Amino acid sequence: MVQGHDRGFSFVTNVAINPHLSAQKRENELVPVVDRYPKLLGIGIDDDTGLVVKSHRAEVFGIGRVAIYDNRKPQDRLVLLAWRPGDQLDLCRAQPRGREAAELR
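Residues numbered from 1 in each chain as written. Predicted model: local features only at pLDDT ≥ 70, side-chain atom pairs only at ≥ 80, totals over all residues. Heavy atoms only, no water.

Draft legend 1. Up close: the side chain of aspartate 87. Structurally, aspartate 87 can be placed in the loop between β6 (79-83) and β7 (88-90). A distance of 2.8 Å separates a polar side-chain atom of aspartate 87 from the backbone nitrogen of arginine 84. (Helix = DSSP H or I, 4+ residues; strand = E, 2+ residues; numbered from the N terminus. Polar contact = N/O pair within 3.5 Å; in protein donor to acceptor, adjacent residues only side chain to side chain.)

So this is what it looks like as structure tokens:
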């Protein structure tokens, strides 16, 4: 992480958030962060998109997507998932609730 950009508002703990994901072509910026800090969950958020978080559950709203970068499980090198509006996920498990997420490719 860039010095001085390692603390946020502390609304959500143990995550690294990258805004403007698609518009600024930042899809790969969180990969080295979760590689270096594997206990963090990486969350990339498109413009005009948000994530409502209540406890460990989150729901995507808006018109874009939310990308999840999960390197917390040693057996799964790095999981990249794209979430669309209406999708829900469990932040502790980085698993979908309801609809399946599409893999980022």
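Draft legend 2. Representation of the pairing of strand β5 (residues 66-70) in the model. Of all five residues that make up β5, five are buried, and the element is covered over most of its length. Neither face of β5 is left uncovered, since the one carrying Val66, Ile68 and Asp70 and the one carrying Ala67 and Tyr69 both have all their residues buried. Examined bridge by bridge, strand β2 (residues 41-45) and β5 share five bridges and lie antiparallel to one another. By the bridge assignment, leucine 41 is partnered in β5 with aspartate 70. (Buried < 20%, exposed > 50% of the residue type's maximum accessible area, 1.4 Å probe, protein only. Pairing = 2+ DSSP bridges.)

Draft legend 3. Here's a closer look at the nonpolar core. Counting 12 residues, the largest nonpolar core consists of Val15, Leu41, Ile43, Ile45, Leu51, Ala58, Val60, Val66, Ile68, Trp83, Leu89 and Leu91. Of all the secondary-structure elements, those providing two or more residues to this core are β2, β4 (57-62) and β5. Of the residues forming this core, the biggest block, three residues, is contributed by β2. Contacts of isoleucine 43, omitting those with residues within four sequence positions, involve Val15, Ala16, Ile17, Asn18, Leu30, Leu51, Val66, Ala67, Ile68 and Leu91. (Core = buried A, V, L, I, M, F, W, Y, C linked by side-chain atoms within 4.5 Å. Contact = heavy atoms within 4.5 Å.)

Draft legend 4. Structural view of the environment of arginine 72. Mapped onto the fold, arginine 72 is located in the loop between β5 and β6. When the C-alpha positions of arginine 72 and proline 38 are compared, they lie 5.2 Å apart, and in sequence the two are 34 residues distant.

Spatial relationships are all this shows, so hold off on functional conclusions.
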